[in-house]
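Coordinate inspection notes
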Amino acid sequence: MTQDNTFDIIIAGGGATGCVIAGKLAAANAGLKVLILEAGPHSLNVDTHIQPVRYISNLMSPNKSSKSFTLHVSQPSEAVANRRIVVPAGSVLGGGSSVNFMVYTRAAASDYDCWEKIHQNPGWGSKDLIPLLKEIETYTLEASLNSTHGTNGPIRISAPKEYTNVATQFLDVARHYDKRRGVTDDWNDFTNANAYGPALVELTNPFPSRYIHDKTGRRSDTAHNFVYNQADNQNLVVRVESRVVRVLFDGTRAEGVEYVAGEDKVNHKVFASRLVVISAGAFGSPSILERSGIGADEVLQRNGIPQLVDLPGVGRDYNDHNVIFTHYKACQEAETIDHIVYGTPDALQSMADSLTISDSPNGSGLNAGFKLRPSSEDLQELGPAFEKRWNEFFASFPDKPVILGGPANAYTGIGPMDPGEKYFALLYALLYPASTGSVHIAHGLDPYGPLDFHHSYLENEADVAVYRWTYKHLREIARRMGFYRGEVLDSHPNFSEKSAAICKPEDGPVDINAPRIAYTVEDDAAIDDFHRRTIGTAWHSMGTCAMKPRSKVGVVDSRLNVYGTTHLKVADLSICPENVGANTYNTALAVGAKAAMLIAEELVLRL
Ligand SMILES: Cc1cc2nc3c(=O)[nH]c(=O)nc-3n(C[C@H](O)[C@H](O)[C@H](O)COP(=O)(O)OP(=O)(O)OC[C@H]3O[C@@H](n4cnc5c(N)ncnc54)[C@H](O)[C@@H]3O)c2cc1C
């Protein structure tokens, strides 16, 4: 063991959460030796990571598997028409924060309160986490600054100062068609859960606000804002392209980790005198635990790994937000970003400067959105399949939306586009899927081996019912929009030719007061079938090392300690004991800040 191989703290995984933990602790404690081991490459000043405009082309690039993403391929499932679903996870310093869509939404306060009260985690309620989230951000949208937003943190949130006409038209129709809900000026105060938002310039707090620096136009990731900004701190060490195999133990005390690095995959060992923190995300963290002998008996036996701690919760309760995209044809007046989504590298380069500035309306392609809860009338339509779920999970928590989504100013499907045509998409993501899946290792100690991954999308009829209701509701809004020219057939249900719901090209919209389309039982089956054939990930994986009592099959306690071990914590979205009603980067920031606090308390460090 050489001096170079001993650190105070080792962070296994330099993603959204890991960079916050490492950066905060290193910045406040000059002598503290912190090592980040990250499976992916550096992101320092790399265009595809810092220029917001490149996020879609980066994700859609055929080379995405090579560097900054790991593609997790699920087992086929009947509930999704026997497809295997691919879930890309960021694999680069900054993790998801360096590749994500930068959409800024925040959870419901009751999400964290349930973590605290129902799942018995003192210190994790909204009263504890909201102040941390306030501290971490600088929210640059002026007039609507409410008490939950911060003004002095490293993560800068901005909003476009102009909007595409697709966004404004969507919201205009929504506010006139769906008068019950209306348009709000702050989605992100932890309470607002049933409205469209807003994109109309007289309103002050547009949705989605973005994790984009208001002055530089750069992505607000955790790699640059917590780690690369400390380049002169010799005690904060980052080793990239270094994949952690397992934790090394002295008895049940974590004393270091084994990892492989470089083209030749050379094996290394490093040691932590004070703490090992696993922060490798919802796929990586349970895998590292299982390779370390911590997990369910049968999983470890299948992989020939001797058991150190019997912890059957490892890899269970995989959760995600899944998403559906429907596409509509638009007339030529619609402002879309198809040229960006499908742009050549040269075209992207020439647009990059102007499109990274915060004034750009088109930088993200998402300028409006909604968080919706069904009304009592809607609940009738949703029927018995959703009733139990509603009563048990949603009814007592008015801040929990059921579905989140919005219009995207582009064709984001995989089928051919007609050259010269314009499109918009309506996307909708289920926020608290009722069914949960699992992630386990399947190749022994091989850290590159594909995982045994079950997503569980649409395995519960309650989830199927919510999607069916949402499809119908959004189609009514789309067909009232002035730009609407009919549905793109291969991204809608295959209704029978005789159906009143059949999709076809149209010359223009229907009247705002037109009757709703009447769907038959066969039509409903076609909608469900469409959802099963097309549902995909919303890139929000979590829950596989849940913070719950051990008796309730938890993996870590409320101080993030792995049960049955010492000097070992897990800190990333794998610890979420239950889903949140928003995009998940914000919750990763909360977990990072809270973990840094807990570690500082225990190791008597400054923060
Ligand atoms: C394509 C995409 C779009 C998204 N869009 C949005 C959005 O618009 N808004 C939003 O709020 N959220 C969004 N998210 C979600 C958000 O980015 C994630 O929820 C968040 O990054 C999760 O943080 P984490 O720390 O749990 O994991 P990650 O950020 O995934 O970090 C885990 C890190 O661990 C590394 N790792 C894994 N295994 C190992 C190993 N064995 N050894 C070493 N390192 C390892 C990975 O390479 C990765 O860097 C998106 C995510 C993706 C992937």
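So, how was this worked out
- Starting from 1, residues in each chain are numbered consecutively following that chain's sequence as written.
- It should be noted that, the model being predicted, local features are given only for residues of pLDDT at least 70 and side-chain atom pairs only at 80 or more, the latter also being counted only at that level, while totals for whole chains, interfaces and linings use all residues.
- Side-chain measures were taken over the full set of non-hydrogen atoms in the model, leaving aside hydrogen atoms and water.
- UniProt positions are given in the numbering used here, feature names are shortened, and annotations may be inferred rather than shown by experiment.
- We call a residue near a molecule or strand as soon as one heavy atom of that residue lies within 4 Å of the molecule or strand.
- Polar contacts here mean pairs of N or O atoms no more than 3.5 Å apart (in protein, one a potential hydrogen donor and the other a potential acceptor; neighbouring residues in sequence count only if both atoms are side-chain atoms).
- Residue-level accessible areas treat just the shown protein chains as cover; the underlying method is Shrake-Rupley with a 1.4 Å probe.
- Note on conventions: DSSP H or I runs of at least 4 residues are helices, E runs of at least 2 residues are strands, and numbering of each starts at the N terminus.
- As used here, the term nonpolar core means buried Ala, Val, Leu, Ile, Met, Phe, Trp, Tyr and Cys residues forming a set that is joined through side-chain atoms within 4.5 Å.
- When a residue's accessible area, from a 1.4 Å probe over protein chains only, is under 20% of the maximum for its type it is buried; when over 50% it is exposed; and in between it is partly exposed.
- It only takes one pair of heavy atoms within 4.5 Å for two residues to be counted as in contact.
- Pairing of aromatic rings covers Phe, Tyr and Trp, the last through its six-membered ring, and needs centres within 6.5 Å; plane angles under 30 degrees mean stacked, over 60 mean edge-to-face, and all others mean tilted.
- Each ring is checked for a lysine NZ or an arginine CZ that lies within 6 Å of its centre and within 35 degrees of its normal; such an atom marks a charge sitting over the ring.
- To get an axis, fit a line to the C-alpha atoms, keeping to the stretch in contact for a helix; angles then go from 0 to 180 degrees between the N-to-C directions.
- Crossing handedness is read from the near helix: turned anticlockwise from the far helix by less than a right angle, it gives a left-handed crossing, and turned clockwise, a right-handed one.
- Think of it as three bins: nonpolar holds Ala, Val, Leu, Ile, Met, Phe, Trp, Tyr, Cys and Pro, charged holds Asp, Glu, Lys and Arg, and polar takes everything else, Gly as well.
- We treat two strands as partners when DSSP finds at least two bridges between them.
- Here, the term right-handed applies to a crossover whose path from the first strand over the helix to the second runs clockwise when the strands point away from the viewer.
- Relative orientations are named as follows: roughly parallel for angles under 35 degrees, roughly antiparallel for angles over 145 degrees, roughly perpendicular for angles from 65 to 115 degrees, and oblique for any other angle.
- Each reported salt bridge corresponds to a side-chain nitrogen of Lys or Arg within 4 Å of a carboxyl oxygen of Asp or Glu.

For the protein chain, an unreviewed UniProt entry supplies the name pyranose dehydrogenase (acceptor) and the organism Ephemerocybe angulata. The annotation that UniProt attaches to the protein chain under Subcellular location (unreviewed entry) is "Secreted". What UniProt records for the protein chain under Sequence similarities (unreviewed entry) is the sentence "Belongs to the GMC oxidoreductase family."

What about the site of the ligand?
With respect to spatial proximity, 36 residues lie near the ligand, and among them Thr17, Glu38, Gly96, Val244 and Thr584 are the closest. One of the backbone N or O atoms of alanine 16 is found 3.0 Å from an oxygen atom in the ligand. In the model, an oxygen atom of the ligand is placed 3.1 Å from a nitrogen or oxygen of the methionine 102 main chain. Contact with the protein chains covers 94% of the free accessible surface of the ligand, which is 1,000 Å². Among the secondary structure elements, those contributing two or more residues to the shell around the ligand are α1 (16-28), β4 (86-90), β11 (242-250), α8 (281-291) and α16 (585-603). Per element, the largest residue contribution to the shell around the ligand is 4 residues, and it comes from α8.

Some thoughts on the nonpolar core
Residues Ile9, Leu25, Trp124, Leu289, Ile294, Leu560 and Leu568 are the most contacted members of the largest nonpolar core, which totals 92 residues. In contact with leucine 568, other than residues within four places in its own chain, are Val247, Phe249, Ala254, Leu275, Val276, Ile278, Leu289, Ile294, Leu560, Asn561 and Val562. The next biggest cluster of nonpolar side chains, apart from the first, holds 69 residues, and it includes Leu372, Phe393, Leu430 and Ala462.

So, the packing of aromatic side chains
Two measures describe an aromatic ring pair: the distance that separates the ring centres and the angle between the ring planes. Across all of its chains, the model carries 25 aromatic pairs by this definition. Ring geometry for phenylalanine 283 and phenylalanine 453: centres 5.1 Å apart, planes at 90°, overall edge-to-face. One end of the pair, phenylalanine 283, is in helix α8; the other, phenylalanine 453, is in strand β21 (residues 452-454), with 170 residues separating them in the sequence. Across this residue pair, the class does not change: phenylalanine 283 and phenylalanine 453 are buried. Among the aromatic side chains, those forming a connected cluster through ring pairs are Phe386, Trp390, Phe393, Phe394 and Tyr432. The ring of phenylalanine 397 has lysine 400 sitting right over it, with the charged end atom 5.0 Å from the ring centre.

A short note on the environment of alanine 254
Topologically, alanine 254 is positioned in strand β12 (residues 253-261). Separated by 314 residues in the primary sequence, alanine 254 and leucine 568 have C-alpha atoms spaced 5.7 Å apart. Setting aside chain neighbours within four positions, we find alanine 254 in contact with Val247, Leu248, Phe249, Val276, Thr566, His567 and Leu568.

A closer look at the UniProt feature "binding site: FAD" (unreviewed entry) in the protein chain
The positions that UniProt labels "binding site: FAD" (unreviewed entry) are, in the present scheme, Val92, Asn100, Phe101, Met102, Val103, Val244, Trp539 and His540. Ignoring sequence-local partners within four residues, the contact set of valine 92 consists of Gly14, Glu38, Gly40, Pro41, His42, Ser43, His49, Ser68, Ser98 and Val99. Residue placement: asparagine 100 occurs in the loop between β4 and β5 (103-104). Excluding residues that lie within four positions of it along the chain, asparagine 100 makes contacts with Tyr55, Arg219 and Tyr585. Here methionine 102 takes part through its backbone nitrogen, which lies 2.9 Å from a polar atom of the side chain of asparagine 100.

Quick word on the UniProt feature "domain: Glucose-methanol-choline oxidoreductase N-terminal" (unreviewed entry) in the protein chain
The UniProt record annotates "domain: Glucose-methanol-choline oxidoreductase N-terminal" (unreviewed entry) at residues 281-295. Helix makes up 73% of residues 281-295 and strand 13%. Its end C-alpha atoms lie 16 Å apart.

Comments concerning the packing of α1 against α16
The N-to-C vectors of α1 and α16 enclose an angle of 35°; their axes lie 8 Å apart at closest approach. Once α1 is placed against α16, the crossing between them reads as right-handed. Only Tyr585, Ala588, Leu589, Val591, Gly592, Ala593, Ala595, Ala596, Ile599 and Ala600 of α16 make contact with α1, whose side of the interface consists of Ala16, Thr17, Val20, Ile21, Lys24 and Leu25. Residue composition of the contact of α1 with α16, grouped by class: 13 nonpolar, 2 polar and 1 charged.

Examining the pairing of strand β2 (residues 34-37)
Alternating positions in β2 separate into two faces, Val34 and Ile36 on one and Leu35 and Leu37 on the other, with burial throughout. For strand β1 (residues 6-12) and β2, the ladder comprises 4 bridges, and the chain directions are parallel. Considered in β2, the bridge of alanine 12 is made with leucine 37. What joins β1 to β2 is α1, and the crossover it makes is right-handed. Inspection of the sheet shows β2 paired to strand β10 (residues 236-239) by 4 bridges, in the parallel sense. Looking at the pairing, isoleucine 36 lines up with valine 238 of β10.

Points about the packing of helix α13 (residues 384-394) against helix α14 (residues 461-478)
Look at α13 against α14: their axes get within 8 Å of each other, and the N-to-C directions meet at 105°. Our classification of the angle between α13 and α14 gives roughly perpendicular. For the pair formed by α13 and α14, the contact residues are Ala385, Phe386 and Arg389 on the first element and Glu461, Ala462, Ala465 and Val466 on the second. Classifying every residue of the contact of α13 with α14 gives 5 nonpolar, no polar and 2 charged.

Observations concerning the pairing of β1
Counting buried positions along β1 yields 7 of 7 residues, so the element is predominantly enclosed. Note that β1 and strand β13 (residues 266-278) share 6 bridges and pair parallel. If you follow threonine 6 over to β13, its bridge partner there is phenylalanine 271.

Some points on the pattern of salt bridges
Counted under the stated rule, the structure contains 26 salt bridges. Arginine 532 is the salt-bridge partner of glutamate 461, the closest N and O atoms lying 3.3 Å from each other. In this pair, glutamate 461 is assigned in helix α14 and arginine 532 in helix α15 (residues 521-534), connecting sequence segments 71 residues apart. By relative accessible area, which is 19% here, arginine 532 ends up buried. One salt bridge in this structure joins arginine 480 and glutamate 476, with 2.7 Å as the shortest N-O distance. Considered together, arginine 480 and glutamate 476 belong to a single accessibility category, that of buried residues. Each of Asp178, Arg180, Arg181, Glu377 and Asp378 takes part in one network of salt bridges that share partners.

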